[in-house]
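Below are the chains, spelled out letter by letter.
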Amino acid sequence: EVQLQASGGGLVQPGGSLRLSCAASGTIIGKYDMSWIRQAPGKGPEWVSSSDLGGVMSSYADSVKGRFAISRDNAKNMLFLQMNSLKPEDTAAYYCVIGLDYWGQGTLVTVSS
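Residues numbered from 1 in each chain as written. Predicted model: local features only at pLDDT ≥ 70, side-chain atom pairs only at ≥ 80, totals over all residues. Heavy atoms only, no water.

Chemist: With reference to specific residues and values, describe the overall build of the protein chain.
Modeler: Of regular secondary structure, the protein chain possesses zero helices and 11 strands. A globule of 113 residues ought to have a C-alpha radius of gyration of about 13 Å, and the protein chain, at 13 Å, matches this closely. Relative to all contacts within the protein chain whose residues are 6 or more apart in sequence, the contacts with residues 24 or more apart total 53%. If you average the places of the 9 positive and of the 9 negative side-chain charges in the protein chain, the two averages end up 5 Å apart. (Helix = DSSP H or I, 4+ residues; strand = E, 2+ residues; numbered from the N terminus. Rg over C-alpha atoms; globule rule 2.2 N^0.38 Å. Contact = heavy atoms within 4.5 Å. Lys, Arg positive; Asp, Glu negative; His and termini not counted. Charge placed at Lys NZ, Arg CZ, Asp CG, Glu CD.)

Here it is as structure tokens:
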């Protein structure tokens, strides 16, 4: 069974930081591009970031560029998202994704004063 266990979400004030982690089991993430996708309450999913399978190249949505950083530790089968300078509009459930289609259960990030 493939599992993607996201963690690290929580409540943070605007301007704060969080680091999300995704622990994968039942698969080898080094075989895949990995992504973070978020979904704000009442809104559709929004692609946030992707990392190539070796963690060499990454890409970001314009809305998070310069503030978020995706990384991975393939030896530990983990994916990360460092989120800095958080804004209220970053509030969403964040999902660790294999490619763009295989989603984990996600972790909730709330940015509010």
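Back to the write-up after that little detour.
Chemist: So what's going on with the pairing of strand 9 (residues 92–98)? Residues and values would help.
Modeler: Along strand 9, seven of the seven residues are buried, which leaves the element largely enclosed by surrounding structure. When strand 9 meets strand 11 (residues 107–111), the two strands line up antiparallel, connected through three bridges. Pairing of Y94 across the sheet is with T107, part of strand 11. Strand direction decides the pairing type here: strand 9 and strand 10 (residues 102–103), joined by two bridges, are antiparallel. The partner of I98 across the bridge, within strand 10, is Y102. Counting the residues that bridge the hairpin from strand 9 to strand 10 gives three residues, and of these G99 lies at a positive phi of roughly 65°. (Buried < 20%, exposed > 50% of the residue type's maximum accessible area, 1.4 Å probe, protein only. Pairing = 2+ DSSP bridges.)

Chemist: So what's going on with the pattern of salt bridges? Residues and values would help.
Modeler: Under the counting rule described, the total for this entry stands at four salt bridges. Taking the shortest distance from any N to any O, the salt bridge between E46 and R38 comes out at 2.7 Å. Since its relative accessible area comes to 31%, E46 is described here as partly exposed. In this structure, R67 and D90 form a salt bridge, with 2.7 Å as the shortest nitrogen-oxygen distance. Of this pair, R67 sits in the loop between strand 6 (58–60) and strand 7 (68–73) while D90 sits in the loop between strand 8 (78–83) and strand 9, and the two are 23 residues apart along the sequence. Where salt bridges share partners, they join R38, E46, R67 and D90 into one cluster. (Salt bridge = Lys/Arg side-chain N within 4 Å of Asp/Glu carboxyl O.)

Chemist: Describe the packing of aromatic side chains, listing the residues and the values that go with them.
Modeler: One pass over the structure, following the stated rule, counts one aromatic pair. Pairing Y95 with W103 gives two aromatic rings, centres 4.9 Å apart and planes at 50°, and the pair type is tilted. We classify W103 as partly exposed; its relative accessible area is 31%. The cationic tip of R19 hangs over the ring face of F80; the distance from NZ or CZ to the ring centre is 4.4 Å. (Phe/Tyr/Trp six-rings, centres within 6.5 Å; stacked < 30°, edge-to-face > 60°. Lys NZ or Arg CZ within 6 Å of the ring centre and 35° of its normal.)

Chemist: Could you give an account of the pairing of strand 3 (residues 18–25), with specific residues and numbers?
Modeler: Where strand 1 (residues 3–7) meets strand 3, five bridges bridge the pair, whose relative direction is antiparallel. Residue L4 lies in a different strand from strand 3, and its bridge partner there is A24.

Chemist: Summarise the sheet that holds strand 1; cite the residues concerned and give the values.
Modeler: Taken in spatial order, the four strands make up an open sheet running 1-3-8-7, and their pairing is antiparallel. Of all the strands in the sheet, just strand 1 and strand 7 have a single pairing partner and so form its edges. Strand-to-strand twist across the sheet, computed as the mean angle between neighbouring axes with direction ignored, equals 15°. (Axes fitted to C-alpha atoms, helices over the stretch in contact; angles between N-to-C directions.)

Without other data, these values stay purely geometric and don't point to any function.
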